[in-house]
Amino acid sequence: MSGVKEEELEFISVGADDENDMVSAYVDPSQPDRADNIIGNWLFNQSKHPSAAFFHLFFKALALFVYMFGSWFTSSFIFIFVVCIILLAFDFWTVKNISGRLLVGLRWWSYVKEDGSTEWIFESLEDMAELSPLDSRIFWGALYVAPLAWILLLIVGLLRLKFEYLP
């Protein structure tokens with residue numbers, strides 16, 4: 001054996017379990033029995049608060065969807081408007097009370113003092129290491145993208161010169 005002792009050689013054992021783990025980590029999107037939505041599953045597996053992230057996006061997206069495609073289901077612009085306002089109220093409540101606190105550690109409320117003046121109280125989490133960077137990106141991304149989408153729809157509505165609310 002060319003002078004190399006067997007004790008000096010270092011071997012790495014690869015068991016059958018290790019090989020199966022490597023194969024199972026790969027998800028073939030063409031196979032229907034695998035996860036239906038690979039990106040969605042990855043997103044929710046990486047999030048610390050997946051339900052808060054989901055509802056943070058859900059009410060914003062649903063309000064935009066109802067505004068853009070509501071005329072397919074009803075001809076009443078007033079009904080579409082009211083549903084959008086209700087969905088955006090749900091979104092406001094979710095952002096203020098749930099997703100802001102869980103996803104980015106922010107919380108605020110107002111307090112009425114005995115003299116009738118209002119005091120606004122803003123709190124933020126002291127240890128930001130507890131927060132997930134993905135949750136933070138979801139929160140701030142949706143918070144900035146949603147108003148931009150509404151502004152884009154406003155511009156498109158003005159350029160079309162079709163004012164739905166006029167008789």
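Residues numbered from 1 in each chain as written. Predicted model: local features only at pLDDT ≥ 70, side-chain atom pairs only at ≥ 80, totals over all residues. Heavy atoms only, no water.

Trainee: So what exactly am I meant to see when it comes to the packing of helix H3 (residues 50–69) against helix H5 (residues 133–160) here?
Mentor: A pair of packed helices is characterised by two quantities: the angle between their axes and the separation of those axes. Here H3 crosses H5 at 10°, and the two axes come no closer than 10 Å. Classified by the interaxial angle, the pair formed by H3 and H5 is roughly parallel. Taken together, the residues of H5 that come into contact with H3 (itself represented by Ala53, His56, Leu57, Lys60, Ala63, Leu64, Tyr67 and Met68) are Ile138, Phe139, Ala142, Leu143, Ala146, Ala149, Trp150 and Leu153. Split into classes, the residues belonging to the contact of H3 with H5 amount to 14 nonpolar, 1 polar and 1 charged. (Axes fitted to C-alpha atoms, helices over the stretch in contact; angles between N-to-C directions. Helix = DSSP H or I, 4+ residues; strand = E, 2+ residues; numbered from the N terminus. Parallel < 35°, antiparallel > 145°, perpendicular 65-115°, else oblique. Contact = heavy atoms within 4.5 Å. Nonpolar A, V, L, I, M, F, W, Y, C, P; charged D, E, K, R; others polar.)

Trainee: Sorry, what's going on with a nonpolar patch on the surface here?
Mentor: On the surface, Ile78, Phe81, Val82, Ile85, Ile86 and Phe90 cluster together to form a nonpolar patch covering roughly 580 Å² of accessible area. Mapped onto the secondary structure, Ile85 falls in helix H4 (residues 77–103). A relative accessible area of 45% means that Ile85 is categorised as partly exposed. (Patch = residues over 30% accessible without salt bridge, like charges linked within 9 Å, V, L, I, M, F, W, Y side chains within 5 Å. Areas by Shrake-Rupley, 256 points an atom, 1.4 Å probe, with all protein chains shown as cover. Salt bridge = Lys/Arg side-chain N within 4 Å of Asp/Glu carboxyl O. Buried < 20%, exposed > 50% of the residue type's maximum accessible area, 1.4 Å probe, protein only.)

Trainee: Teacher, can you tell me more about the pattern of salt bridges here?
Mentor: Oppositely charged side chains are able to pair whenever their charged atoms sit close together. In the structure shown here, the tally under the stated rule is 3 salt bridges. A salt bridge links Lys60 to Asp91; the shortest N-O distance between them is 2.6 Å. Of the two residues, Lys60 is situated in helix H3 and Asp91 in helix H4; the sequence distance between them amounts to 31 residues. You can call Lys60 buried: its relative accessible area is 8%. Exposure remark for Asp91: the relative accessible area of 10% places this residue in the buried category. Across the pair Lys113 and Glu119 runs a salt bridge, and its minimum N-O distance is 4.0 Å. Under the relative-accessibility criterion, Lys113 is labelled partly exposed at 38%.

Trainee: Could you clarify how one ought to interpret the packing of aromatic side chains in this entry?
Mentor: Centre distance and the angle of the planes are the two values used to describe a pair of aromatic rings. Across all of its chains, the model carries 13 aromatic pairs by this definition. Where Phe55 meets Phe58, the ring centres are 6.0 Å apart and the plane angle is 85°; that geometry is what we call edge-to-face. One end of the pair is Phe55 and the other is Phe58, both in helix H3 and 3 residues apart, which spans about a single turn. Judged by its relative accessible area of 37%, Phe55 falls in the partly exposed class. When its relative accessible area of 31% is taken as the criterion, Phe58 is described as partly exposed. Ring-pair connections join several aromatic residues into one group, and the members of that group are Phe54, Phe55, Phe58, Phe59 and Phe90. The side chain of Lys96 reaches across the aromatic face of Trp108, ending 4.8 Å from its centre. (Phe/Tyr/Trp six-rings, centres within 6.5 Å; stacked < 30°, edge-to-face > 60°. Lys NZ or Arg CZ within 6 Å of the ring centre and 35° of its normal.)

Honestly, it's all geometry; don't read function into it.
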